[in-house]
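# Summary of the model geometry
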Amino acid sequence: VDLIYIAPPFDSKADYRTGIQLPGCDIEQRPTVIEQFAYADTWENGTISYLKMVYVRLLLMKELLSDKGTLYLHIDWHVGAYVKVLLDDIFGKDSFRNEIVWKYTGSLQPKHDFARKHDTIYRYCKSEGIYNAVFVPYSEGTINRFDHEDENGKYKITYRDGKEYKTYMKEGKPIEDVWIDDIQEIPIIMKNARENTGYATQKPETLLERIIKASSNEGDLVCDFFGGSGTTAAVAERLGRRWITCDIGKPASLVMRKRFIDQEVKPFLYQSIGDYQKEAFRNNKRYKHVGDLSQVVLGLYGALPFTPEQTNDRNFGYIKGTR
């Protein structure tokens, strides 16, 4: 694998939900047993359980990387410092290349804290001492702001003391390790954005486009093992890279598959490995019978179960106002 980008759960202790559509109405899924493992960023023994989960996966990812391979791990303040220690242990300190800060805007403004408005992306190379990025020499946002052109190249116009000045773009502005969205280089996904899939933790395509262009060439293999909404694979496809992506949650897999079909990507293999949903159901103490799970499904559709007198099986229900 030439490039791995992952955004694992952030150990945020939050339950993520996803919007679904039913005929004639929109509802929000309840965090049932099926979604607990797919969306709930909670861990049985706290942060130590989370770190154990991440560590063994990072070990395998290093093995999968080619000698020129690069790993980008996207995290935030919850456990970023702990994960950095794991990465140093697995890849070696000399393989660390960048601590990238993606700064974004948002509506949350706490009264008694500094507003948390950035994520961190750690970049590591497979081999110590190897600088293997295919860096883009300038940011697209820089180009867009130079909106005039003449025989000397693209330029922007500024005014000082009533005089007009031309500033030419020669080789462009080198990309630094702080990526700010206030100049519309990598904005967060708005609700009305074309790319918005409704997936709670979806990352913007412009973010993955920069990473994929920076650390891979056309034809290289790009992987994302916490696929989520499928942004990494969708962008890799558009940029002419090969890709593999996966996710432990069935809702994520369905969102990704629809996204790829809508994007009209080349034929791809969609494969279900294991029986995660059944395992999650069996290990959950709240539900012991299939009938219990049926109550979850009935509630999801807004239906009421029949009483035991009406039926011997709790798997049936009805919706008020219908037959």
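For the structure, check the block above.
In what follows, the accompanying structure is described. (Residues numbered from 1 in each chain as written. Predicted model: local features only at pLDDT ≥ 70, side-chain atom pairs only at ≥ 80, totals over all residues. Heavy atoms only, no water.)

### Examining the overall build of the chain
Helix and strand counts for the chain come out as nine helices and 14 strands. Per-residue burial over the chain gives 41% buried out of 323 residues. The long-range share in the chain, meaning contacts at least 24 apart out of those at least 6 apart in sequence, stands at 63%. For the chain, the accessible surface area stands at approximately 19700 Å², while carbon and sulfur atoms represent 53% of it. (Helix = DSSP H or I, 4+ residues; strand = E, 2+ residues; numbered from the N terminus. Buried < 20%, exposed > 50% of the residue type's maximum accessible area, 1.4 Å probe, protein only. Contact = heavy atoms within 4.5 Å. Areas by Shrake-Rupley, 256 points an atom, 1.4 Å probe, with all protein chains shown as cover.)

### Topic: a nonpolar patch on the surface
Nonpolar side chains collect at one region of the surface, where Leu254, Ile261, Phe268 and Tyr270 lie side by side and expose about 350 Å² of accessible area between them. Summarising the element assignment, Tyr270 is placed in the loop between helix H7 (250-263) and helix H8 (276-283). (Patch = residues over 30% accessible without salt bridge, like charges linked within 9 Å, V, L, I, M, F, W, Y side chains within 5 Å. Salt bridge = Lys/Arg side-chain N within 4 Å of Asp/Glu carboxyl O.)

### Examining the environment of Asp147
Within the secondary structure layout, Asp147 lies in the loop between helix H4 (140-145) and strand S7 (148-150). Looking at Asp147, the relative accessible area reads 57%, which means it is exposed. With 10 residues separating them in the primary sequence, Asp147 and Ile157 have C-alpha atoms 8.8 Å apart.

### So, the environment of Thr231
Within the fold, Thr231 resides in helix H6 (residues 231-238). Considered as a pair, Thr231 and Met256 are 25 residues apart in the sequence and their alpha carbons are 8.2 Å apart. Leaving out residues up to four positions away in the same chain, Thr231 has contacts with Gln202, Lys203, Pro204, Glu205, Leu208 and Arg259.

### Things to note about the sheet that holds strand S1 (residues 3-6)
One open sheet accounts for seven strands, arranged S10-S5-S6-S4-S1-S11-S12; its pairing is mixed. With one partner strand each, in any of the chains shown, strand S10 (178-180) and strand S12 (242-245) form the two edges of the open sheet. If you compare each strand with its neighbour and ignore which way they point, the axes differ by 15° on average. Note that strand S4 (residues 70-75) and strand S6 (residues 118-125) share six bridges and pair antiparallel. Within S6, the residue paired with Leu73 across the bridge is Tyr122. (Pairing = 2+ DSSP bridges. Axes fitted to C-alpha atoms, helices over the stretch in contact; angles between N-to-C directions.)

### Quick look at the sheet that holds S7
Sheet architecture is open: three strands sit in the order S7-S8-S9, paired in antiparallel fashion. The open sheet has two edge strands, S7 and strand S9 (163-168), and neither has a second partner. Averaged over neighbouring strand pairs, the angle between their axes works out to 45° when direction is ignored. Bridge count between strand S8 (residues 153-160) and S9: six bridges; the pairing is antiparallel. Paired with Tyr159 across the bridge in S9 is Glu164.

### With respect to helix H5 (residues 205-215)
Every α-helical turn comprises 3.6 residues, leaving residues that sit three or four positions apart pointing alike. Buried residues dominate H5, accounting for nine of its 11 residues. Taken together, the buried positions of H5 are occupied by Glu205, Leu207, Leu208, Glu209, Arg210, Ile211, Ile212, Ala214 and Ser215.

### What to know about the pairing of strand S11 (residues 221-224)
Every second residue of S11 is oriented toward a common face, with Leu221 and Cys223 on one face and Val222 and Asp224 on the other, all of them buried. Relative to S11, S1 runs parallel, the two sharing two bridges. Its bridge partner being in S11, Leu3 is matched across the sheet by Val222. Examined bridge by bridge, S11 and S12 share four bridges and lie parallel to one another.

### Considering the packing of H6 against H7
At a closest axis distance of 10 Å, the pairing of H6 and H7 adopts a crossing angle of 20°. On the basis of their axis angle, the class for H6 and H7 is roughly parallel. The element H6 and its partner H7 pack so that their crossing is right-handed. Residues Thr231, Ala233, Ala234, Glu237 and Arg238 of H6 touch H7, and the partners they reach there are Arg259, Phe260 and Gln263. (Parallel < 35°, antiparallel > 145°, perpendicular 65-115°, else oblique. Left-handed = near helix turned anticlockwise from the far one by under 90°.)

### Some details on the pattern of salt bridges
Enumeration according to the criterion identifies 11 salt bridges in this entry. Note that Glu237 and Lys266 form a salt bridge whose closest N and O atoms lie 3.2 Å from each other. Separated by 29 residues along the polypeptide, Glu237 in helix H6 and Lys266 in the loop between H7 and H8 bring together distant segments of the chain. In this structure Glu237 comes out as buried when scored by relative accessible area, which is 13%. For Lys258, the salt bridge identified is with Asp262, shortest N-O distance 2.6 Å.

### Quick word on the packing of aromatic side chains
In the structure shown here, the tally under the stated rule is seven aromatic pairs. Ring centres of Phe260 and Phe268 lie 5.6 Å apart, and the angle between their planes is 85°; on these two criteria the pair is classed as edge-to-face. By relative accessible area, which is 30% here, Phe268 ends up partly exposed. Every member of this aromatic cluster is reached through a ring pair, and the members are Phe91, Phe96, Tyr122 and Tyr124. (Phe/Tyr/Trp six-rings, centres within 6.5 Å; stacked < 30°, edge-to-face > 60°.)

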